[in-house]
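# Secondary and tertiary structure notes
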Amino acid sequence: MSKRMTSVLGWLAIAHGLALAVLPLRGLAADSVPVGNWMPVVLYVVGMLGYVAAGLALAGLVPMRRFASPLLVLASVYSLVGMTILGLDGLWIGAALSLAFLFLGFWRGAVGWPD
């Protein structure tokens, strides 16, 4: 995969991570969270931060390059679990993109591509 395509995927991961920030910032998660159980929101926020870090790694931030695949997998799993537990209808487009990033992380980890 070319460096340009890797950079585009990195910026897409950053945009996806920042898009995940909309739900907690708007307070929409508060109605969906069972009383006293904020773990879905914590998973969701960790997924958001993981996407931003993975995007920076894919975009070319040198110290983080080798952690791009584990960060993509971690962020994808955490955000998918958080989205599933929250169960909001408007999150499924983001869940599809998270699933695509999960496969990308596994594929990059197994096959790799030139940095």
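It should be emphasised that the depicted structure is a prediction, and the values quoted were computed from it without experimental measurement. (Residues numbered from 1 in each chain as written. Predicted model: local features only at pLDDT ≥ 70, side-chain atom pairs only at ≥ 80, totals over all residues. Heavy atoms only, no water.)

This brings us to the packing of helix α4 (residues 39–59) against helix α5 (residues 68–86). For the pair α4 and α5, the least separation of the axes is 7 Å and the interaxial angle reads 150°. Overall, the two elements α4 and α5 adopt an arrangement that is roughly antiparallel. Like other packed secondary-structure pairs, α4 and α5 cross with a definite hand, here left-handed. Contact with α4, carried on its side by P40, L43, Y44, V46, G47, G50, Y51, A53, A54, A57 and L58, involves A68, L71, L72, A75, S76, Y78, S79, V81, G82, M83, I85 and L86 of α5 and no other residues of that element. Its residues assigned to classes, the contact of α4 with α5 shows 18 nonpolar, five polar and no charged. (Axes fitted to C-alpha atoms, helices over the stretch in contact; angles between N-to-C directions. Helix = DSSP H or I, 4+ residues; strand = E, 2+ residues; numbered from the N terminus. Parallel < 35°, antiparallel > 145°, perpendicular 65-115°, else oblique. Left-handed = near helix turned anticlockwise from the far one by under 90°. Contact = heavy atoms within 4.5 Å. Nonpolar A, V, L, I, M, F, W, Y, C, P; charged D, E, K, R; others polar.)

Before going further, it helps to examine the packing of helix α1 (residues 3–20) against α4. Packed helices, taken two at a time, are described by the angle their axes make and the gap between the axes. Remark: α1 packs on α4, axes separated minimally by 7 Å, with the N-to-C direction vectors making an angle of 160°. Accordingly, the angle class assigned to the pair α1 and α4 is roughly antiparallel. For α1 against α4, the interelement crossing comes out left-handed. Judged by residue contacts, T6, S7, L9, G10, W11, A13, I14, H16, G17, L18 and L20 of α1 engage Y44, G47, M48, Y51, V52, G55, L56, L58 and A59 from α4. Partitioned by chemical class, the residues of the contact of α1 with α4 number 13 nonpolar, seven polar and no charged.

On the surface, W38, M39, V42, V46, L74, V77, Y78, V81 and I85 cluster together to form a nonpolar patch covering roughly 730 Å² of accessible area. If you list the elements that add at least two residues to the nonpolar patch, you get α4 and α5. One can find V81 in helix α5. (Patch = residues over 30% accessible without salt bridge, like charges linked within 9 Å, V, L, I, M, F, W, Y side chains within 5 Å. Areas by Shrake-Rupley, 256 points an atom, 1.4 Å probe, with all protein chains shown as cover. Salt bridge = Lys/Arg side-chain N within 4 Å of Asp/Glu carboxyl O.)

The next point concerns the packing of aromatic side chains. Within this structure, the stated rule accounts for one aromatic pair. With a centroid separation of 5.5 Å and 55° between ring planes, the pair formed by Y51 and F101 is classed as tilted. In this pair, Y51 is assigned in helix α4 and F101 in helix α6 (residues 92–110), connecting sequence segments 50 residues apart. Here Y51 matches F101 in class, with each residue buried. (Phe/Tyr/Trp six-rings, centres within 6.5 Å; stacked < 30°, edge-to-face > 60°. Buried < 20%, exposed > 50% of the residue type's maximum accessible area, 1.4 Å probe, protein only.)

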